[in-house]
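# Residue-level structural notes
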Amino acid sequence: QVQLVESGGGLVQPGGSLRLSCAVSGRTFSGYAMGWYRQALGKERELVAEITSSGATNYAESVKGRFTISRDNAKNTVFPYLQMNSLKLEDAAVYYCRAYSNYYNFWGQGTQVTVSS
């Protein structure tokens, strides 16, 4: 059974940091790309950052220089991480983990990030 379980969300003040984690399991995911997406209230889901199986990364312009995506390919589970620094009010959203290939696409349930003073 495929599972994507996000963690690490919470409440943070502007300028603060959070690290999101996702545990991806249930099949061999080492060859999959991993991505972090977010959806703010009343807005469409958008790409935040993604990382390929070889480690190439891509970021939304709005988070470049502040967020860093990484991954850890453990034996049976892949862990994509999103380090978020210098958080802004507009970063507040539900953040979703995604695992995808040319043929398959899986999503986590999301973790809430609230940025407020």
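That block above? That's the structure.
Presented here is an overview of the structure given in this document.

Rules used throughout
Residues numbered from 1 in each chain as written. Predicted model: local features only at pLDDT ≥ 70, side-chain atom pairs only at ≥ 80, totals over all residues. Heavy atoms only, no water. Salt bridge = Lys/Arg side-chain N within 4 Å of Asp/Glu carboxyl O. Helix = DSSP H or I, 4+ residues; strand = E, 2+ residues; numbered from the N terminus. Buried < 20%, exposed > 50% of the residue type's maximum accessible area, 1.4 Å probe, protein only. Lys, Arg positive; Asp, Glu negative; His and termini not counted. Polar contact = N/O pair within 3.5 Å; in protein donor to acceptor, adjacent residues only side chain to side chain. Contact = heavy atoms within 4.5 Å. Phe/Tyr/Trp six-rings, centres within 6.5 Å; stacked < 30°, edge-to-face > 60°. Lys NZ or Arg CZ within 6 Å of the ring centre and 35° of its normal.

Between side chains of opposite charge, pairing is possible as soon as their charged atoms come close. Applying the stated criterion across every chain yields a total of four salt bridges. Its salt-bridge partner being arginine 38, residue aspartate 91 comes within 2.9 Å of it at the nearest N-O pair. Of this pair, aspartate 91 sits in the loop between β8 (77-84) and β9 (93-100) while arginine 38 sits in strand β4 (residues 33-39), placing them 53 residues apart in sequence. In this pair, the class of aspartate 91 matches that of arginine 38, namely buried. As a salt-bridge pair, glutamate 61 and lysine 64 come within 2.7 Å of each other at their nearest N and O atoms. Overall, glutamate 61 belongs to the exposed group, its relative accessible area being 62%. Lysine 64 sits in the partly exposed class, given a relative accessible area of 44%. Several salt bridges share partner residues, and in doing so they unite Arg38, Glu46, Arg66 and Asp91 into one network.

By secondary structure assignment, the location of arginine 98 is in strand β9. There is no salt bridge for the buried arginine 98, and the closest opposite charge comes from glutamate 50, which lies 5.6 Å off by N-O distance. Within the local environment of arginine 98, its side chain forms a polar contact with the side chain of tyrosine 37, the two groups lying 2.7 Å apart. Those residues in contact with arginine 98, other than ones at most four positions away along the chain, are Leu4, Ala33, Met34, Gly35, Tyr37, Asn105, Phe106 and Trp107.

Considering the arrangement of structural elements, one finds tryptophan 36 in strand β4. Separated by 14 residues in sequence, tryptophan 36 and cysteine 22 place their C-alpha atoms 9.3 Å apart.

Right, let's talk about the packing of aromatic side chains for a bit. Per the counting criterion, the structure on display carries six aromatic pairs. Taken together, a centroid distance of 5.7 Å and an interplanar angle of 85° make the contact between phenylalanine 29 and phenylalanine 106 edge-to-face. Here phenylalanine 106 lies in strand β10 (residues 105-107) and phenylalanine 29 lies in the loop between β3 (18-25) and β4, a separation of 77 residues in the sequence. The exposure class assigned to phenylalanine 106 is buried, which follows from its relative accessible area of 18%. Ring plane angle 10° and centroid distance 6.3 Å describe the contact between tyrosine 104 and phenylalanine 106, whose orientation is recorded as stacked. Cluster of aromatic residues (ring-pair linked, three or more members): Phe29, Tyr32, Tyr104 and Phe106. Residue placement shows arginine 27 over the ring face of tyrosine 104; its charged tip is 4.5 Å from the ring centre. Above the plane of the ring of tryptophan 107 lies arginine 45, whose end atom (NZ or CZ) is 4.6 Å from the centre.

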